[in-house]
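This is what each chain is made of:
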Amino acid sequence: MEIFDQDQSRSTLFAELLLPVPIPKYFTYRIPHALNEHLQIGQRAIVQFGDRKILTGLIVNIHEQSPKEYEAKYILEILDTYPSITPIQFKLFIWIAEYYACTLGEVMNAALPVGLRLSSESMVQLNPSFNLEESTLSFSEKEIILLKRLEQDTLSYSDIAKLLDVRSIYSILKSLSSKEAILLFEEVKEKYKPKTERRIRLTKDYVSHEALEEVFKTLESKPKQEDVLLKYLQHVPVLKDKATNAKGISKKQLLDEAASESSLNTLIKHNILEEFEVIVPRFGFDEDAETLPILLSEDQERAQAEIFKSFDEHAVTLLHGITGSGKTEIYINLIRKALDSGGQVLYLLPEIALTTQIVQRLKKIFGSSMGIYHSKFSDNERVEVWNGVLTGKVKFIVGVRSSVFLPFDNLSLIIVDEEHDPSYKQHEPAPRYNARDTAIMMAQLHHAKVLLGSATPSVESYYQALQNRYGLVSLTKRFGEAKLPEIILADMRSERRNKTIKGEFSSLLLRHIHEALDKKEQVIIFQNRRGYSPMINCEDCGWVPKCVNCAVSLTYHQFKNALVCHYCGYKESLPRQCPTCTSSRIKTVGYGTEKLEEELNLYFPETIIQRMDLETTRSKTGYETIIDQFEKGETNILVGTQMVTKGLDFDHVSLVGVFNADRMMHFPDFRSHERAYQLITQVSGRAGRREKAGKVVVQTSSPDHPILLFILNNRYDEFYKKEIQDRHQHAYPPFTRLIDITIKHTDKKTCRDAAHELAELLQAQLTGVKLLGPGEPMISKIRNQFLMSILLKIPRGRGELTQLKHTIFECIEQVLKDKAFKSIRFVIDVDPV
Ligand SMILES: [Zn+2]
Ligand SMILES: [Zn+2]
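Here's what I pulled together on the structure shown here. Quick caveat, the model's predicted, so the values are computed rather than measured. (Residues numbered from 1 in each chain as written. Chains lettered and ligands numbered in written order. Predicted model: local features only at pLDDT ≥ 70, side-chain atom pairs only at ≥ 80, totals over all residues. Heavy atoms only, no water.)

**Thoughts on the sheet that holds strand 22 (residues 555-557)**
The strand order across the open sheet formed by three strands is 22-23-24, and the pairing between neighbours is antiparallel. Each edge of the sheet is formed by a strand with only one pairing partner; in this case those strands are strand 22 and strand 24 (571-573). Within this sheet the neighbouring strands show an average axis-to-axis angle of 35°, counted without direction. (Pairing = 2+ DSSP bridges. Helix = DSSP H or I, 4+ residues; strand = E, 2+ residues; numbered from the N terminus. Axes fitted to C-alpha atoms, helices over the stretch in contact; angles between N-to-C directions.)

**Section: the coordination of the zinc ion (ligand 1)**
Note on metal sites: the ideal angle is 109.5 degrees for four tetrahedral donors, and 90 or 180 degrees for six octahedral donors. C538 (SG), C541 (SG), C578 (SG) and C581 (SG) make up the full set of protein donors to the zinc ion (ligand 1), lying at 2.2 to 2.4 Å. Given four donor atoms and angles of 104 to 113° at the metal, the environment of the zinc ion (ligand 1) is assigned as tetrahedral. Between consecutive donor residues of the zinc ion (ligand 1), the sequence gaps follow C-x2-C-x36-C-x2-C. Since its relative accessible area comes to 2%, C538 is described here as buried. Given a relative accessible area of 39%, C541 falls into the partly exposed group. (Donors = N, O, S within 2.8 Å, 3.2 Å for Na, K, Ca; no water. Tetrahedral: all angles 85-135°; square planar, octahedral: opposite > 155°, others 65-115°. Buried < 20%, exposed > 50% of the residue type's maximum accessible area, 1.4 Å probe, protein only.)

**Re the nonpolar core**
Ranked by internal contacts, the top residues of the largest apolar core, which has 118 residues, are I741, I743, L758 and L792. The dominant element in this core, judged by the number of residues it contributes, is helix 2 (residues 87-99), at seven residues. Not counting residues within four places of it along the chain, the set of residues in contact with L792 comprises R737, L738, I739, I741, L766, V769, K770, L771 and I808. (Core = buried A, V, L, I, M, F, W, Y, C linked by side-chain atoms within 4.5 Å. Contact = heavy atoms within 4.5 Å.)

**Brief notes about the sheet that holds strand 18 (residues 471-475)**
On the basis of which strands lie adjacent, the open sheet formed by seven strands has the order 14-15-13-16-17-12-18 and parallel pairing. Every other strand in the sheet has two partners, leaving strand 14 (370-373) and strand 18 as the edge strands with one partner each. Taking the axes of each pair of neighbouring strands and ignoring which way they run, one obtains an average angle of 15° across the sheet. Where strand 14 lies against strand 15 (residues 396-399), four bridges are found, and the strand directions are parallel. Bridge pairing links M370 to F396 in strand 15. Of the strands in this sheet, strand 12 (316-321), strand 13 (344-348), strand 15, strand 16 (411-417), strand 17 (449-454) and strand 18 touch helix 13 (residues 327-340), which is tilted by about 165° from strand 16. Where helix 16 (residues 435-446) meets the sheet, it contacts strand 12, strand 13, strand 16 and strand 17, and its direction lies at approximately 165° from that of strand 16.

**Looking at the packing of helix 17 (residues 459-466) against helix 25 (residues 716-729)**
Where helix 17 contacts helix 25, the axes come no closer than 11 Å and their chain directions differ by 95°. In this view, helix 17 runs roughly perpendicular relative to helix 25, as classed from their interaxial angle. For the pair helix 17 and helix 25, contact is made by V459, E460, Y462, Y463 and L466 and by Y716, F719, Y720, E723, I724 and R727, respectively. For the contact of helix 17 with helix 25, the class distribution of residues is eight nonpolar, no polar and three charged. (Parallel < 35°, antiparallel > 145°, perpendicular 65-115°, else oblique. Nonpolar A, V, L, I, M, F, W, Y, C, P; charged D, E, K, R; others polar.)

**Quick look at the pattern of salt bridges**
Here the structure, examined in full by the defined rule, presents 34 salt bridges. The closest approach of N and O atoms between E615 and R530, which form a salt bridge, is 2.8 Å. Residue E615 is found in the loop between strand 26 (609-612) and helix 21 (622-631), and its partner R530 is found in the loop between strand 20 (522-526) and strand 21 (535-538); the two are separated by 85 residues along the sequence. Note that R727 is salt-bridged to E674, the shortest N-O span being 2.6 Å. (Salt bridge = Lys/Arg side-chain N within 4 Å of Asp/Glu carboxyl O.)

**Some thoughts on the packing of aromatic side chains**
Counted according to the given criterion, the structure contains 22 aromatic pairs. Taken together, a centroid distance of 5.0 Å and an interplanar angle of 65° make the contact between F505 and F659 edge-to-face. Taken together, the residues span a long stretch of sequence, with F505 in the loop between helix 18 (492-497) and helix 19 (507-518) and F659 in the loop between strand 28 (653-658) and helix 22 (661-666) at a distance of 154 residues. An identical accessibility class is assigned to F505 and F659; each is buried. With 5.9 Å between their ring centres and 65° between their planes, Y677 and Y716 make a pair best called edge-to-face. With Y677 in helix 23 (residues 672-684) and Y716 in helix 25, this residue pair connects regions lying 39 residues apart in the sequence. (Phe/Tyr/Trp six-rings, centres within 6.5 Å; stacked < 30°, edge-to-face > 60°.)

**Regarding the coordination of the zinc ion (ligand 2)**
All of the protein donors around the zinc ion (ligand 2) are C547 (SG), C550 (SG), C565 (SG) and C568 (SG); their distances to the metal are 2.2 to 2.3 Å. Geometry at the zinc ion (ligand 2) is tetrahedral, judged from the four donor atoms that bind it and their angles of 103 to 113° at the metal. Classification of C550 as buried rests on a relative accessible area of 3%.

**Details of the packing of helix 23 against helix 25**
One can describe the packing of helix 23 onto helix 25 by two numbers: an axis separation of 10 Å at closest approach and a directional angle of 165°. The angle between helix 23 and helix 25 falls in the class roughly antiparallel. Read as a crossing pair, helix 23 and helix 25 show a hand that is left-handed. Along its contact with helix 23, which presents H673, E674 and Y677, the element helix 25 presents Y716, F719, E723 and R727. A per-class count over the contact of helix 23 with helix 25 returns three nonpolar, one polar and three charged. (Left-handed = near helix turned anticlockwise from the far one by under 90°.)

Read these as geometric descriptors, not functional statements.
And the structure:
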C-alpha cells in the first residue's frame, strides 16, 4: 500500500537532453516514475530519436513542464549511476560554446572521451513474418536474406558488408527494409572497456592444511603439477593467512615462473585451482609519494612569497621567469599547498613539452594522486583518468589542452606553463578554443587561482599584467651557478659574399659545432621546417611542383622518396624530368630537417645525429626515446623543428644553432616578431645549464633586425615596448579582439561571391567594428576547397560579444538562403592564433 501512495505523490518529470545530432537545441523526454529518484543532471541516458534511431544523450536539465509542440517519449534507460560530468563543468561547456561560437554538441564531442560518448550501431534482423516465395527480391537482396548467419543471429551493417565482401550495402538494406524483409534497429554499446587481468587461486575447498596435504599426496607422481602448486603457495602464503587466497596470483606471473601451462590447466580441470578475472588500473598507481621538501634559492623564495601575495589580490598571476630560473620548483610547492588544503589542481603543458622529464619528476613527488591526460593516450586510458577525477581518486592532473574538459568539481589552482605557446589553441575542428583562456574562465567558475608561467610571455598576457589586471612576478636569475648563454649572430650575407658558406651552413656555425664535439659536448640545431626540402624546382624553366588539391608547393621528403603536401597529405613521386621542358636539372631548394641531418652526417661522419620532428615522433614513445637517448649522451647532435625548443633540460648541451632566423621574423603575420622572439629565446635556453655557459649561433641575413638585438641582450621589456606600439598602431590584440571568418567552397567564383555578400551584410550590421577583406588567405586552396577570409577587428571595451556573434550567425544564415550558396561552409574562429 505504501508503495502505491508514494506513486500517487510523485510528480511527472521531464528531462532535457543534449543529443549528438546537428540541431542546436535540447530535446525533452519524459522520465519514467521508477527513475524519478535516480536521475541527475550530467547522467547519460538512452532515448529513441525519430522512428528508428536509438541515441545516447546527456541530461542537462530536469523539470516538470511537458513540451508544447510534441508528446514527449520516455527515457529508455540510464547509463550512469553517477553523473559523467559535473554541473560546474557543464557551465564551462556552455561558456566555450558561446565564446568560441560553436554548438554545445561540438564541445561535448571534443570533451568526452570516445569511450563515454554515445555510440550506436545499426543492427539487422530477419523479419519472421516475411515470405521469400511471394517476394520480388533482386539477386543481391536475396544474397543477404539467405545468409546463414543472419538466420541464427542479428548482424550489424559492417558484419554483413564483411560477409558479402562489398563496401556499400546501405541501399540494399534500405530496400530490403522497405520490402519488409528485414528489421533494422540500433544497438547501443558502451565503448569503454576496463583493462582486466587473469588470475589464479585455490578453489574454496582447498584452502586448508588438510586439503592441501591430501592434494600433494596425489601429486607425488606428477612433479610438474606439484611445481605449479608449490610456486603458488610460495607467492601466496595461504597457509599463514587464508585471506591472501582471495587475490591469488596473476596467471602470467605463475606461468612465467612455473612454466607448464598444461599442468596448470589440469589443476584447474580438477577444481583444485581456479581462474578468475579482475579489473586493473591502466596506470601504475602504486608508487608512494616523495615528501622531501623542495629547496629554493633566494630568488625563488622571494618569487614564491610574491605569488602568494599576488593570489590574495588577483585571480590570475603571471610568472615571468627566464629560462633555467627554476619555475618548476615553485610550481611543485604551490601544487602541494593547494592539494594539502583539499582542492584539485590542474597543471597545463603545451602538447610536446609533456616529456618524461617533467612527468617523471612530478610523479615521484605526487605519486598516485596525480593523473596524466595526453592526446597520445588510448581512449580507454583517457576514460580511466576521467573517472579518476570524477571519483576523487585523482586530485592532480598534468595534461595538455584538452584537460580543461575533465570533470573537476573543486579546483583551487591552475598552472598554465609556457602560457605563450600557440599549441594551446585548437584549430580544427570546433571548438576552436584556447586552453589558456578557457582555464582562466574555468578558474573563475571554481574560484580558483591561475598561475601563467613563461620565459617569454605572450604580449596579451604581459599587457594584462602591466595593466594590473593580472599579478606579475619575475624571476631574473638562473638557478644555481648557471649563466645565460652567449648569443652570436652569423651574418649570412657576408659569409655568402666571402664564399665561406657550405651549403647553407655558415663557417661560424660549423666551427662551433666542431669545437663542441671536440669537447664531447652536445649540440642542438633548430630548423622550423620538416621534410627534406620545402620545394624543388627546374633550373631551366623554373617549374615548381604544386599540390593537386591545395595552393601550395610540395615538400620533398627523401626518406619517403616522395613529394608531399603538408596540408592534405597528397603524395607523388619525384619526377626524373621536368614535365614542362623535359630538363633533368631538377634541384631541391631550401633546407628541411631531413636535409640538415643528411648534410651534418657528411660534415661530421663520426658523430651520431638524431632528428626530432613530426615524422620521427609519430609513435606514442617516439618522442621519449629520442629525448632519452640524447639525455644519456648516446646522440651527439639533435636536429629538430620547434619540438626542440620546448621545456627540455639537458646537462651537456653547450651549443644551439638556429638555422634560419629570417623566415621566422619575416613571416607575414602580425605575431611573427613575437613568435621569433619566443622560439629563438626558448631554444637558446637549452644551451649551457648547470655550471657551463652555453653558446647560441643564429644564422641570419638581417643581423641588424631589432628583434635579434632584443634577443641578444635578453631584453624582453624592450621587445615588448616595441611590439605593443606596433599592435596599438595597427589595432591588433590586445587592443582589439579578432574574429576570423573563413568561407569555403569547391568553386572559386561561388566562394568569392559568397564572401563578398557576407562582407556586405556584416558591414551594414556591425558598427564600430573594422572589417578587413574579403580576401584570399595566404593559402587560398586546401583539399580542393577554395578559401576566402574576412577578419573582424573589434575594439576592446565593447563588452560581451554575444550579440555580435549572433549578428554574424544571422548574416551567415542570410547568405545561405541564396540557393547558389547553399553548400558554402563557414568557419568562425574567435581569437585566432
Ligand atoms: Zn623545366
Ligand atoms: Zn594538398
